[in-house]
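So you can see what is in the structure, the chains are spelled out below.
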Amino acid sequence: MQADPLYQHLLLIAEKKFWRCVLDGEPPRLFGVEPPKPRLEAIKIVDMAASNSWAEFAAKYRETRPAFLKHETAKSELKKLVPEDAKEAIGHGVRAKRSKSGAISFDMSGDEASHASVQ
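Reference entry: report on the structure contained in this document. (Residues numbered from 1 in each chain as written. Predicted model: local features only at pLDDT ≥ 70, side-chain atom pairs only at ≥ 80, totals over all residues. Heavy atoms only, no water.)

**Describing the overall build of the protein chain**
Phase 1 of the analysis: Along its length, the protein chain carries 2 helices and 3 strands.
Phase 2 of the analysis: Moving toward the C terminus, one meets the helices and strands of the protein chain in the order α-α-β-β-β.
Phase 3 of the analysis: For the protein chain, with 119 residues in total, the buried portion stands at 6%.
Phase 4 of the analysis: Partitioning the intrachain contacts of the protein chain with sequence separation of at least 6 by distance along the chain shows that 10% fall at a separation of at least 24.
Phase 5 of the analysis: For the protein chain, the exposed area adds up to about 11,500 Å²; of that, 60% sits on carbon and sulfur atoms. (Helix = DSSP H or I, 4+ residues; strand = E, 2+ residues; numbered from the N terminus. Buried < 20%, exposed > 50% of the residue type's maximum accessible area, 1.4 Å probe, protein only. Contact = heavy atoms within 4.5 Å. Areas by Shrake-Rupley, 256 points an atom, 1.4 Å probe, with all protein chains shown as cover.)

The structure is reproduced here in structure tokens:
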């Protein structure tokens with residue numbers, strides 16, 4: 001791969017501008033872009049009881065939380081059952097795949113996915 005002369009030129013200009021800021025003590029500025037605004041410290045407590053949207057999503061959250069916890073527990077237990085030397089584990093409508101880094105992911109497998117017994 002060859003060096004890109006335009007990229008090298010722009011990089012050198014940016015480095016010179018940055019170094020000038022270091023010497024002058026002024027904060028560097030992005031090219032024609034405002035720097036991000038600092039985050040405000042969160043200090044308020046807000047009552048969302050009057051928000052219909054909040055009520056709707058809070059109800060969904062409360063409704064689905066137990067299922068989510070069961071899901072996460074099932075994934076954790078399934079991971080423990082996958083042999084260390086297995087690239088894939090398949091059964092009862094679920095497929096576990098091990099990545100090159102060793103992480104295990106799950107998905108529904110084949111025809112079994114539509115009629116897998118979930119208890």
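This is not the end of the story, as more comes after the structure.
**Some remarks on the environment of Gly110**
Phase 1 of the analysis: Tracing the chain through its elements places Gly110 in the segment after strand 3 (104–108).
Phase 2 of the analysis: Measuring from C-alpha to C-alpha, the distance between Gly110 and Val94 comes to 8.6 Å, with 16 residues separating the pair along the chain.

**Regarding the pattern of salt bridges**
Phase 1 of the analysis: The final tally for this structure, using the stated rule, is 4 salt bridges.
Phase 2 of the analysis: Close ionic contact of Glu72 with Lys75 constitutes a salt bridge, the shortest N to O distance being 3.6 Å. Remark: Lys75 and Glu72 occur in helix 2 (residues 52–81); sequence separation between them is 3 residues, near one turn of the helix.
Phase 3 of the analysis: Looking at Lys75, the relative accessible area reads 28%, which means it is partly exposed.
Phase 4 of the analysis: Its salt-bridge partner being Asp107, residue Arg95 comes within 4.0 Å of it at the nearest N-O pair. Within this pair, whereas Arg95 is found in strand 2 (residues 94–98), its partner Asp107 is found in strand 3, the two being separated by 12 residues in sequence.
Phase 5 of the analysis: Judged by relative accessible area, which is 22%, Arg95 ranks as partly exposed. (Salt bridge = Lys/Arg side-chain N within 4 Å of Asp/Glu carboxyl O.)

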